[in-house]
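Structure assessment
Each chain, letter by letter, is given below.
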Amino acid sequence: YPKIDEKFVSKIFPPKAKPVPAVVETAQAPSLPADTSLAAAPEAAAQPAEAAAPATEATPAAEAAAQPEAEKSPEVLTTLANDRVELTFSSHGAGVVQAAILEYPSEKGSDVPVTFDFSGRPAAAPVGYPGLGDRADFEVAGSAADSVSYRKALPGGLVLTRTLTLGSGYQVRIEDRLENASSAAVVLNGHGLQAGFMANLPGEKEEQSPLLGVDTLAGSEDVEYWGGKLDKWFSEDGKGKAQFLPGPGEEPVLVDWVAVKNKYFTQILTPEETPGLCQAEATRGAPVKSTFLGIFPRTSVPIDKVAAALRMPEFELAAGQSLALNATWYVGPKVYTELKANGPHQEDILQLGFWRVVGIWILKIMVWIQAHIWPYSYGLAI
């Protein structure tokens, strides 16, 4: 049918012109209410220190106010690339502000790859450290063909040094080291990493089953899929607090990794040493009018984009002591073989459900056909 449509139908009934932007997402940080707090709900206050939620000073408003924009030096952009991705890192935030997935064109016949814009909320960036504001100004400490290093002096004699290294695939290794050069101990609470916002690709719409989602793995338990619950956390005007999982009024749970995804692509944050508390965030899009049974009018306000952060357990950094926090950040397609190689149960992001055992083998065969048999088409594989 696509060939018939291309050669005949589209010439008789030409589609309406609809420009598709080269950049998939414009990721602007959401406006949260002035009283928004990223602290855990009162029910979580009685948790042990190792599972405590971030303190109030870790709110986005406080982080943004910690360093006025006028004090920042010019932004330095660094590009790292391999055969699969091209990532642009920024000294403002020490994270990824743009990710191009080179093997996937943004539209049929285009040379422009699918590209995610994380400039409003840099991905793989540090958050929650004392005095670290929104898109804080870092010094570029060094760079190589596959890595870039940043350094920043924080209040109280703290120094944060981070190195981000791009491997041969879709994964970046993050090495964060915090040194306490002062003569007094510093209590860290709410420090961690964030993923950028994910939105639907052009033409994809949220319908009965949500395409946007946040997934987590806690210990040896099954992967939890939170996409169907995000809609309940926000009022119709789009305002709402960033929520610690498993949701409002419940005790936050330490997770081994968190994934933020749309229909075809995902970001995954995986700490190497210590599990963290997952903090999900979402914003709503424009109202959509429709009808029920073709008669009754109704208006829905779908989730427009989702993001998440990992906040590490509280830690006291003694005078002269240093803390190393290593993690990986994946940005790429939801391909079974890629995800399975990343870490435990990350392939379950695909949500194969009840037919998982059969579905895995069907999926493997389809992927092999697409990769080895001309014209290398998923349509033929199916």
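As the structure is a computational prediction, the values presented were derived from the model and not from experiment.

For the rest of this paragraph, the subject is the side chain of Asp 137. With respect to the helices and strands, Asp 137 occurs in the loop between β6 (125–127) and β7 (139–143). For the buried Asp 137, which has no salt bridge, the nearest side chain bearing the opposite charge is Lys 152, at an N-O separation of 6.3 Å. In terms of polar contacts, Asp 137 uses its side chain to reach the side chain of Ser 73, at 2.7 Å.

For the rest of this paragraph, the subject is the environment of Gly 167. Within the secondary structure layout, Gly 167 lies in the loop between β9 (158–166) and β10 (171–180). Residues Gly 167 and Ala 81, spaced 86 residues apart in sequence, show a C-alpha to C-alpha distance of 9.2 Å.

As paired strands, strand β3 (residues 85–90) and strand β4 (residues 95–105) are joined by six bridges and run antiparallel to one another. What sits directly across from Leu 87, in β4, is Ala 99. From the end of β3 to the start of β4, which pair antiparallel, there are four residues, and Gly 93 there has a positive phi angle of about 115°. Note that β4 and strand β5 (residues 113–117) share five bridges and pair antiparallel. Its bridge partner being in β5, Gln 98 is matched across the sheet by Asp 117.

Here we take up the nonpolar core. Membership of the largest hydrophobic core comes to 69 residues, with the highest contact counts inside it found for Leu 87, Val 214, Val 306 and Trp 329. Top contributing element to this core by residue count: strand β25 (residues 322–333), with six residues. Sequence-distant contacts of Val 306, that is, excluding residues within four places in its chain, are made with Gly 196, Phe 197, Met 198, Leu 212, Gly 213, Val 214, Leu 230, Val 260, Lys 261, Glu 281 and Ala 282.

Once that is clear, we can look at the confidence of the model for the chain. The predicted model of the chain averages 82 in pLDDT, with 82% of residues at 70 or higher. Scored below 50 in pLDDT, residues 18–67 shows 109 contacts in the model against residues more than four places distant or in partner chains.

Looking now at unusual backbone geometry. With an omega dihedral of 20°, the bond running from Leu 245 to Pro 246 counts as a cis peptide bond. Take Pro 246: it is sitting in the loop between β16 (243–244) and β17 (254–255). Residue Pro 375 is reached from Trp 374 by a cis peptide bond, and omega for that bond is 5°. In this structure, Pro 375 sits in the loop between α4 (356–372) and α5 (378–381). Here the phi dihedral of Ala 94 falls at roughly 55°; this positive angle occurs in a residue that is not glycine. Topologically, Ala 94 is positioned in the loop between β3 and β4. For Ala 94, a relative accessible area of 0% gives the class buried. In this structure, Ala 124 is a non-glycine residue whose phi angle is positive, near 60°. Turning to its location among the elements, Ala 124 is positioned in the loop between β5 and β6.

Moving on, we get to the pattern of salt bridges. The full count for this structure, using the stated rule, is 10 salt bridges. One salt bridge connects Asp 231 with Arg 284, and the closest N-O pair in it is separated by 3.0 Å. Taken together, the residues span a long stretch of sequence, with Asp 231 in the loop between β15 (224–225) and β16 and Arg 284 in strand β20 (residues 276–284) at a distance of 53 residues. Given a relative accessible area of 11%, Arg 284 falls into the buried group. A salt bridge links Lys 340 to Glu 347, with the nearest nitrogen and oxygen atoms 3.8 Å apart. Overall, Glu 347 belongs to the buried group, its relative accessible area being 7%. Here the salt bridges share partners, and the residues they tie into one network are Arg 173, Glu 175 and Glu 272.

What counts, and where the lines are drawn
Residues numbered from 1 in each chain as written. Predicted model: local features only at pLDDT ≥ 70, side-chain atom pairs only at ≥ 80, totals over all residues. Heavy atoms only, no water. Helix = DSSP H or I, 4+ residues; strand = E, 2+ residues; numbered from the N terminus. Buried < 20%, exposed > 50% of the residue type's maximum accessible area, 1.4 Å probe, protein only. Lys, Arg positive; Asp, Glu negative; His and termini not counted. Salt bridge = Lys/Arg side-chain N within 4 Å of Asp/Glu carboxyl O. Polar contact = N/O pair within 3.5 Å; in protein donor to acceptor, adjacent residues only side chain to side chain. Pairing = 2+ DSSP bridges. Core = buried A, V, L, I, M, F, W, Y, C linked by side-chain atoms within 4.5 Å. Contact = heavy atoms within 4.5 Å. pLDDT = per-residue confidence, 0-100.

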